[in-house]
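Examining the three-dimensional arrangement
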Amino acid sequence: MEPKSAQFSAHSLPHLPSQTPHPGVSVPLPGTPGYATLQIQVMKDTLSRVPEPTAQSRLSVPSPEVWARWMAEIENGEQQIRGLGVQVHQSVILRTVQLKFLKIWMYWRAFRLHDLPPEIIMNIFRLVVWSTGNPAEGVMQRLWLTWVCRFWRELAIGDATLWNAIWFRDRPPYERSFAWFERAGSAPIDIRLNERKPMWGQNEDQHVFTAEQMSNLLDRLFVKLPQIRMLVVIVDNWPPAITVLRKLQAAGNVGTRINIERLEVYRMGKPYLWLGPGFDNDGHRDPPVLNGGQTQKLNHLCLAGVHIDWNETPLRNLTTLDLRSMPMSVAPTLERFRTVLRECPTLNRLALDGSGPRPTEKPFDHVPVDLLHLKTLVLGSFNLPYACFIVSQINAPYLLDLTLMALTGSDYVPLIKLLTPKFKKVAMARWFQSMPDLAYARIAQLKTNVLKLLLDDPGKYRQVDHVEDYATDDVFCPNLKTLEVQAMPYATIVDFCRRRKEMGLPITKIYLNPPWAHTLSVQAVRELRSVAAVYVAPVGTNTTEENELLRQEVEDDDDDDDEEEEEEQED
């Protein structure tokens, strides 16, 4: 028989007086950051009452009557939460969370996991590790798997694919990270080096990561250079950033095989300031050739605050090109930039933030480069003439995701007029009119008057602009259902959602950017939840709605291609 204390914890807990949250922790509604905190608190409080299992312990599960009572109470609690919203009593939320955890816990205890074949258990482990919302959580998931029992530890450590994504976020000499590096064996390796700390100021002399330290670290990593599939380096000043590019060049020059598919190098210190601590004039005048020219496998390139020898570095078949904070004096020439675009016909994402090709002094007389697979375009930190110059370089008729940021100091209406006919898939008044199918909008630091356009009457803008070729809906963006919000006054979002609801076009879901979400007060979250369901957006990946829309667009394009083929066959 199972110890009585364990039986009491498992089955009598629902009949105990409701727990009270820890001091300072409110009982929040589902979808808020605090709700996840409450779930963890309930889990810890429940499990803390249960003694550690022993070899003599026997599994005891609830009777069918108890199980049915739990299920009915969970359903009733969820109905009250949905129906009453912020007016629901906190005890209902707490009780529902308790019972839902008990249900999951009973499943855990009843499932005979160790009876599964090892390869099935390993697939479960991989799903646990790779389904996390952010890298930090993934680090802990892997550690937790090895702490459960000897059998799990042996299985986990023996699977190289659990350890081949390594984020160097422990302190030097990085004992944990290098232990994972060894466990990765001969598997492809993804590495992230991040020496940029949020609390650092602008005094780069205070930062201790030196070129020698970076060189020594890379020497240890480059023992497995042919296995490195992804390398992301985020540093603050010049010496370590230049060291990364030079070490890659040196390895390529001596014939070491480089199979890096994704390379990102960020110098996050003072942007555009090239004379600073560790600055090397030779590196400025004679920039390194990326990977010594071994870029055949490279498909994702991001350079921020650093540059390479653009003319000698082969850049072909990229799917992502991301350039940031780069002075014009070291940027690629317009001719070279256009050549790179032409040699990357499957380019899917192009991001230019304070960086781009050097403008030509000759009159603009060439045709745009066709980027038929480009889905995402990001433009930021440009003045109006240069922004228009960049847009004029490309033709991307199937663009789905357009981001304009840090465009201030001018009236950018000419840019919007240039964008509207050019990118019809994403292509505020005239622009919004051209997007009747817009279902998902990501907004950050947007001026209130721009958002209010979506509450206005499109008719008066058609009259002013004499527009005849736009949709004739009585409202802007009638299919808009989901917002992803960052750095906006919450009251503005609440007012916008209420007014869209009054128009019969409610916003059904609001995603909050994770870092910003944690700055919101409890009152702010409550008010947001009063107008729509609120969730925290996943880190580093798209939301479910965004993926569905992108997938639907691809399916629609395939259907159109099939129809065209059928018509051609009939002809």
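Details of the structure are given in the entry above.
Okay, so let's go over this structure. Along each chain, numbering runs from 1 in the same order as the chain's sequence is written. The predicted nature of this model means local features are confined to residues of pLDDT at least 70 and side-chain atom pairs, given and counted, to a pLDDT of 80 or more, with totals for whole chains, interfaces and linings taken over all residues. Only hydrogens and water are removed before side-chain values are computed, so all heavy atoms of the structure are retained for them.

Here's the deal with the overall build of the protein
Helix numbers and strand numbers start at the N terminus; a helix is a DSSP run of H or I with at least 4 residues, a strand a run of E with at least 2. Scanning the protein for helices and strands turns up 21 helices and 15 strands. Exposed residues in this analysis have more than 50% of their type's maximum accessible area, buried residues have under 20%, and partly exposed residues fall in between, with area computed by a 1.4 Å probe over protein chains only. Across the 571 residues in the protein, those meeting the buried criterion constitute 46%. The Shrake-Rupley method, run with a 1.4 Å probe sphere, supplies the accessible areas, and residue values consider only the shown protein chains as cover. Only carbon and sulfur atoms are counted for the fraction: they give 52% of the accessible area of the protein, which is about 30,000 Å².

Digging into the side chain of asparagine 194
One can find asparagine 194 in strand 2 (residues 189-194). What makes asparagine 194 buried here is its relative accessible area of 18%. Should any heavy atoms of two residues lie within 4.5 Å, those residues are considered in contact. Look past the residues within four positions of asparagine 194 in its chain and what remains in contact with it is Trp167, Phe168 and Ile234.

A short note on the pairing of strand 4 (residues 262-267)
Among the 6 residues of strand 4, 5 are classified as buried, and the element is accordingly described as predominantly covered. Pairing analysis gives 6 bridges linking strand 3 (residues 228-235) to strand 4, with the strands arranged parallel. From the neighbouring strand, valine 235 faces strand 4, where its bridge partner is arginine 267. For the crossover from strand 3 across helix 10 (residues 238-253) to strand 4, the handedness is right-handed. When DSSP locates at least two bridges between a pair of strands, those strands are taken to pair. A crossover gets the label right-handed when its path from the first strand over the helix to the second runs clockwise, viewed with the strands pointing away from the viewer.

Side note on helix 4 (residues 90-110)
Working rule for helices: expected span equals 1.5 Å times residues minus one. Compared with an ideal rise of 1.5 Å per residue, which puts 21 residues at 30 Å, helix 4 spans 31 Å between its outermost C-alpha atoms and is within 8% of the ideal. Here helix 4 has its buried residues at Val92, Ile93, Leu94, Arg95, Thr96, Val97, Gln98, Leu99, Phe101, Leu102, Trp105 and Met106.

Points about a nonpolar patch on the surface
Together, Ile104, Tyr107 and Trp108 make up a nonpolar patch on the protein surface, roughly 340 Å² of accessible area in all. Among the structural elements, isoleucine 104 can be located in helix 4. Given the relative accessible area of 38%, isoleucine 104 is considered partly exposed. Only residues whose relative accessible area exceeds 30% and that take part in no salt bridge are eligible for patches, with like-charged residues grouped when within 9 Å of each other and nonpolar side chains (Val, Leu, Ile, Met, Phe, Trp, Tyr) grouped when within 5 Å. The working definition used for a salt bridge is a side-chain nitrogen of Lys or Arg within 4 Å of a carboxyl oxygen of Asp or Glu.

Notes on the packing of aromatic side chains
Only centres within 6.5 Å qualify two rings of Phe, Tyr or Trp (six-membered ring in Trp) as a pair; their planes then separate them into stacked at under 30 degrees, edge-to-face at over 60, and tilted for everything else. What the rule picks out here adds up to 12 aromatic pairs. Here the aromatic rings of phenylalanine 101 and tryptophan 108 are separated by 5.8 Å at their centres, their planes lie at 80°, and the arrangement is edge-to-face. The exposure class assigned to tryptophan 108 is partly exposed, which follows from its relative accessible area of 48%. Through successive ring pairs, a cluster of aromatic residues spans Phe168, Tyr174, Phe178 and Phe181. In this scheme, the term charge over a ring applies when either NZ of a lysine or CZ of an arginine sits within 6 Å of the ring centre and within 35 degrees of the ring normal. Residue placement shows lysine 224 over the ring face of phenylalanine 181; its charged tip is 4.7 Å from the ring centre.

Looking at the sheet that holds strand 6 (residues 320-324)
In spatial order, the strands read 1-2-3-4-5-6-7-9-11; together these 9 strands make up an open sheet with parallel pairing. Among the strands making up the open sheet, the edge pair consists of strand 1 (165-168) and strand 11 (401-405). Here the strands of the sheet are splayed against their neighbours by 5° on average, with no regard to which way each runs. As defined by bridge partners, strand 6 adjoins strand 7 (residues 349-353) across 5 bridges and the pair is classed as parallel. Note that in strand 7 the partner of leucine 323 across the bridge is leucine 352. Axis definition: a line fitted to C-alpha atoms, limited for helices to the stretch in contact. Angles are taken between N-to-C directions and run from 0 to 180 degrees. Packed onto the sheet, helix 8 (residues 175-183) meets strand 1 and strand 2 and runs at close to 165° relative to strand 1.

Side note on the environment of valine 494
Here valine 494 shows up in helix 18 (residues 490-502). We classify valine 494 as buried; its relative accessible area is 2%. With 33 residues separating them in the primary sequence, valine 494 and glutamate 527 have C-alpha atoms 6.8 Å apart.

Topic: the pattern of salt bridges
Oppositely charged side chains are able to pair whenever their charged atoms sit close together. Scanning the model with the defined rule gives 13 salt bridges in all. Close ionic contact of aspartate 115 with arginine 112 constitutes a salt bridge, the shortest N to O distance being 2.7 Å. The exposure class of aspartate 115 is exposed, given its relative accessible area of 52%. When its relative accessible area of 65% is taken as the criterion, arginine 112 is described as exposed.

Quick word on unusual backbone geometry
Note that the residue after proline 172, namely proline 173, is joined by a cis bond; omega there is 10°. Checked against the element boundaries, proline 173 lands in the loop between strand 1 and helix 8. A positive phi angle, near 55°, is found at asparagine 291, a position not held by glycine. Counting through the fold element by element, asparagine 291 comes out in the loop between helix 11 (281-285) and strand 5 (300-304). The class of asparagine 291 is buried, set by a relative accessible area of 0%. A positive phi is found at serine 381, a non-glycine position, where the angle reads about 60°. Looking at the element boundaries, serine 381 is found in the loop between strand 9 (376-380) and helix 13 (384-391).

What to know about the packing of helix 18 against helix 20 (residues 522-529)
Closest axis-to-axis distance for the helix 18/helix 20 pair is 9 Å, and the angle between their directions is 15°. Taken together, the axes of helix 18 and helix 20 are roughly parallel relative to one another. Helix-helix and strand crossings are classified by hand; for helix 18 and helix 20 the assignment is left-handed. Where helix 18 approaches helix 20, its residues Tyr490, Ile493 and Val494 are matched on the opposing element by Ala524, Glu527 and Leu528. Residues are grouped as follows: nonpolar covers Ala, Val, Leu, Ile, Met, Phe, Trp, Tyr, Cys and Pro; charged covers Asp, Glu, Lys and Arg; every other residue, Gly included, is treated as polar. Within the contact of helix 18 with helix 20, the residues separate by chemical class into 5 nonpolar, no polar and 1 charged. Note that the term roughly parallel is reserved for angles under 35 degrees, roughly antiparallel for angles over 145, roughly perpendicular for angles of 65 to 115, and oblique for everything else. Two helices cross in a left-handed way if the nearer one is turned anticlockwise from the farther one by less than a right angle. They cross in a right-handed way if the turn is clockwise.

Here's the deal with the sheet that holds strand 14 (residues 509-512)
Strand order in the open sheet made by the 4 strands is 12-13-14-15, with parallel pairing throughout. With partners counted over all chains shown, the strands left at the sheet margins are strand 12 (440-444) and strand 15 (533-536), one partner each. Each strand of the sheet is rotated relative to its neighbour by a mean of 20°, with strand direction disregarded. In this structure, strand 14 lies alongside strand 15, joined through 4 bridges in parallel fashion. Bridge pairing in strand 15 places leucine 512 opposite valine 536. Against the sheet, helix 18 makes contact with strand 12, strand 13 (482-486) and strand 14, and its axis sits at roughly 165° relative to strand 13, the strand it touches most.

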